[in-house]
Amino acid sequence: MSRTPTSPTSTAASARQMWTRTRGLLVGLAILVIGAVALAAVRSGDQHGRLDPRSADKFGSRAVAEILKAQGVTIRPVSTLAEATSAAGPDTTLLVTVPDLLIPAQQESLRSAMVGSGGRTVLLGAGPASVRTLVPGVDSDSGSRVKNREPACSFPPAVRAGSVEIGGEQYTSTLPASRTTACYPNDGRPTLLRVQDDADGDTVLVGSPDFLYNDRLDEQGNASLALQLLGSRPHLVWYVPSLSDPSVTEGDSDDSSEEGAAEGFLSLVPSGWLWGTLQLFVAALLAAVWRARRLGPLVTERLPVAVRASEATEGRARLYRKADARDRAATVLRAAARTRIAPLLGVAPRDAHTPDSLLPAVSARLSDGAHDAGDLLFGLAPTDDAALIRLADQLDALEREVRTS
């Protein structure tokens, strides 16, 4: 048995159909890619990450860094634990932006460098994952909302700064009261806790980093508190933890270190990428629904029952009668009569329902009884059934007269 070869015409038609179906999606994807590349190119010069002293976006901290530089404070941004610990000293403030990203081995090393350094260590948002190791005797509980709070303490930087937008982690301490100063309380628990070290240094736990953001620095006493905490020493080491830090891989043998590294990686993924991925998924789903292949052409089916036109007309008339819709029935009768009469008089179908166009043509055709055509074709609604039947008879008579004249 011989096979019929595939026609080149059908192959070309299939290719054209495929292009027609997919070109919208391809164009949309191309626009999305071009927009993403352009946005990345435009914003690549001023973004370095959240709380980075070189970042000029809303969640960066370039503004406070520039003010500190203008006041003579030298700022050294670092991303490795070795750089951070080697710079610790009595004339240095060590700022740790995200302590919870540090694995336990890194926390132990950082704690060893903090003890006896004589300098100041500022920990932003240190939670249960890090605070117990970095500051023994202190525990934390997250959940307080970031809002404007009063200092309610004797810590000089807080007193001079006054109200500050702060919240986040709340701290509880079992250390002697002489070593701690609790500020900006929420339900009795401070969101800023200063712990005095034995070597004339101190550690300041701040529940949230919002007061350091570029877009919030000029609100309330945020700038004052930031400058006093970070500018009390001539040197500031700005430590932003990174997964590229060699000290992360050194602790891979510890199971807890692996868990900390995994959590650190997820925390370092910018939230914008997660939202962008979700938007791409939704867009792809909508495009699939829009361009989905139909199940097939529409198939006409024979009706199980054939209804004659006269029966449909009678049924509709019964509905009008049941509802006492004589006005609606009269409107339908007159519209049908005008539609049938207009072509006989040479009136365009679009003017069939306009009295100024139809009635002069009727008058020209019918000399007798023309004065009644206006009432018949455009009159008032009948007041009873007898008047409705009489109207129907008169419309039939008018149409016959037009046809035979």
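Residues numbered from 1 in each chain as written. Predicted model: local features only at pLDDT ≥ 70, side-chain atom pairs only at ≥ 80, totals over all residues. Heavy atoms only, no water.

Q: So what's going on with helix H15 (residues 385-404)? Residues and values would help.
A: Compared with the 28 Å implied by 1.5 Å per residue over 20 residues, the 29 Å span of H15 between its first and last C-alpha is a close match. Buried-residue contacts for H15 involve helix H12 (326-345), helix H13 (355-365) and helix H14 (373-378). (Helix = DSSP H or I, 4+ residues; strand = E, 2+ residues; numbered from the N terminus. Expected span 1.5 Å × (residues − 1). Contact = heavy atoms within 4.5 Å.)

Q: Help me get a handle on helix H4 (residues 104-114), residues and values and all.
A: Taken together, the buried positions of H4 are Gln106, Gln107, Leu110, Ala113 and Met114. Considered in projection along H4, the buried side chains sweep an arc of 125° and stay on one side of the axis. Within two residues after H4, Gly116 carries a phi angle of roughly 80°, on the positive side. (Buried < 20%, exposed > 50% of the residue type's maximum accessible area, 1.4 Å probe, protein only. Arc of directions from axis to C-beta.)

Q: Give a detailed account of empty space enclosed by the protein, specifying residues and quantitative values.
A: Taken as a whole and assessed by the stated rule, the structure comprises two cavities of 30 Å³ or more. Each pocket or cavity is described by its volume, and for the second largest cavity that value is around 50 Å³. Lining the second largest cavity are Ala88, Gly89, Thr92, Thr93, Leu94, Ala113, Met114, Ser117, Gly119, Arg120 and Thr121. Listing elements by their share of the lining of the second largest cavity, those giving two or more residues are strand E2 (92-96), H4 and strand E3 (120-124). Sorting elements by how many residues they give to the lining of the second largest cavity places E2 first, with three residues. (1 Å grid on protein atoms, 1.4 Å probe; cavity = no way out; pocket = protein on both sides within 12 Å on 5 of 7 lines; lining within 4 Å. Points joined across faces, edges and corners; volume = space filled by probe spheres on them.)

Q: Requested: an account of the layout of surface pockets, with residues and values cited.
A: In this approach, a probe sized like a water molecule rolls over the atoms, and the result shows the empty space that is left. By volume, the second largest pocket amounts to about 510 Å³. Taken together, 15 residues line the second largest pocket, and the ones lying closest to its centre are Ala317, Tyr320, Ala329, Leu333 and Leu388. Every element with two or more residues in the lining of the second largest pocket is listed here: helix H11 (309-322), H12 and H15. The leading source of residues in the lining of the second largest pocket is H11, at five residues. Taken together, the residues of the lining of the second largest pocket sort by class into nine nonpolar, one polar and five charged. (Nonpolar A, V, L, I, M, F, W, Y, C, P; charged D, E, K, R; others polar.)

Q: Account for the packing of aromatic side chains, naming residues and giving values.
A: Going through the model one piece at a time under the given rule, you end up with one aromatic pair. For the ring pair Phe59 and Tyr213, a centre distance of 5.3 Å and an interplane angle of 80° mean the geometry is edge-to-face. One end of the pair, Phe59, is in the loop between helix H1 (8-43) and helix H2 (62-70); the other, Tyr213, is in the loop between strand E8 (202-206) and helix H7 (222-230), with 154 residues separating them in the sequence. The class for Phe59 is partly exposed, based on a relative accessible area of 31%. (Phe/Tyr/Trp six-rings, centres within 6.5 Å; stacked < 30°, edge-to-face > 60°.)

Q: For a nonpolar patch on the surface, give the residues involved together with the corresponding values.
A: Taken together, the side chains of Trp275, Leu278, Phe281, Val282, Leu285, Leu286 and Val289 present a nonpolar region at the surface, about 770 Å² in accessible area. Of note, Val289 is situated in helix H10 (residues 271-290). Relative accessible area serves as the criterion here: at 62%, Val289 is assigned to the exposed category. (Patch = residues over 30% accessible without salt bridge, like charges linked within 9 Å, V, L, I, M, F, W, Y side chains within 5 Å. Areas by Shrake-Rupley, 256 points an atom, 1.4 Å probe, with all protein chains shown as cover. Salt bridge = Lys/Arg side-chain N within 4 Å of Asp/Glu carboxyl O.)

Q: Just give me the short version of the packing of H12 against H13, but keep the residues and values in it.
A: Here H12 crosses H13 at 60°, and the two axes come no closer than 10 Å. As summarised for this structure, H12 and H13 are arranged oblique, according to the angle between their axes. Pair H12 / H13 crosses with left-handed handedness. Here Arg338, Ala342, Leu344 and Leu345 of H12 lie close against H13, whose contacting residues are Leu358, Ala361, Val362 and Arg365. Counted by class, the contact of H12 with H13 contains six nonpolar, no polar and two charged residues. (Axes fitted to C-alpha atoms, helices over the stretch in contact; angles between N-to-C directions. Parallel < 35°, antiparallel > 145°, perpendicular 65-115°, else oblique. Left-handed = near helix turned anticlockwise from the far one by under 90°.)

Q: Let's hear about the sheet that holds strand E7 (residues 189-196): which residues, and what values?
A: The seven strands lie next to each other as E1-E9-E2-E3-E8-E7-E6, forming an open sheet whose pairing is mixed. Strands at the two margins of the open sheet, each flanked by one partner only, are strand E1 (74-78) and strand E6 (180-186). With direction set aside, neighbouring strand axes in the sheet form an average angle of 15°. (Pairing = 2+ DSSP bridges.)

Q: So what's going on with the state of the cysteines? Which residues, and what values?
A: Counting across every chain of the model gives one disulfide. There is a disulfide in this structure between Cys153 and Cys183, and the S-S distance comes to 2.0 Å. The sign of the 95° torsion about the S-S bond sets the Cys153-Cys183 disulfide as right-handed. With Cys153 in the loop between strand E4 (138-149) and helix H6 (156-161) and Cys183 in strand E6, this pair connects stretches of sequence that are 30 residues apart. This pair shows no difference in class: Cys153 is buried, exactly as Cys183 is. (Disulfide = S-S within 2.5 Å.)

Q: Can you explain the pairing of strand E5 (residues 164-173)? Please cite residues and give values.
A: Judged by how many residues are buried, E5 sits mostly within the fold: eight of ten residues are covered. Pairing of E4 with E5 involves eight bridges; the strand directions are antiparallel. Of the residues in E5, the one forming a bridge with Asn148 is Glu165.

Q: I'd like a rundown of unusual backbone geometry, residues and numbers included.
A: Here the phi dihedral of Tyr184 falls at roughly 50°; this positive angle occurs in a residue that is not glycine. Tracing the backbone shows Tyr184 in strand E6. Given the relative accessible area of 0%, Tyr184 is considered buried. Of note in this structure, Gln220 is not a glycine but carries a positive phi near 50°. Residue placement: Gln220 occurs in the loop between E8 and H7.

Q: Summarise the environment of Ala348; cite the residues concerned and give the values.
A: Turning to its location among the elements, Ala348 is positioned in the loop between H12 and H13. Considering only alpha carbons, one finds Ala348 and Leu358, ten residues apart in sequence, at a separation of 9.2 Å.

Q: Describe the pattern of salt bridges, with residues and values.
A: Oppositely charged side chains are able to pair whenever their charged atoms sit close together. Counting across every chain of the model gives 13 salt bridges. A salt bridge links Arg54 to Asp52, with the nearest nitrogen and oxygen atoms 2.9 Å apart. Given a relative accessible area of 45%, Arg54 falls into the partly exposed group. Asp52 gets classed as buried once you look at its relative accessible area, which sits at 3%. Across the pair Lys69 and Glu66 runs a salt bridge whose closest N-O atoms are separated by 4.0 Å. With a gap of three residues between them, Lys69 and Glu66 both fall in helix H2, about one helical turn apart. In this structure, a network of salt bridges that share partners links the residues Arg120, Arg194 and Asp202.

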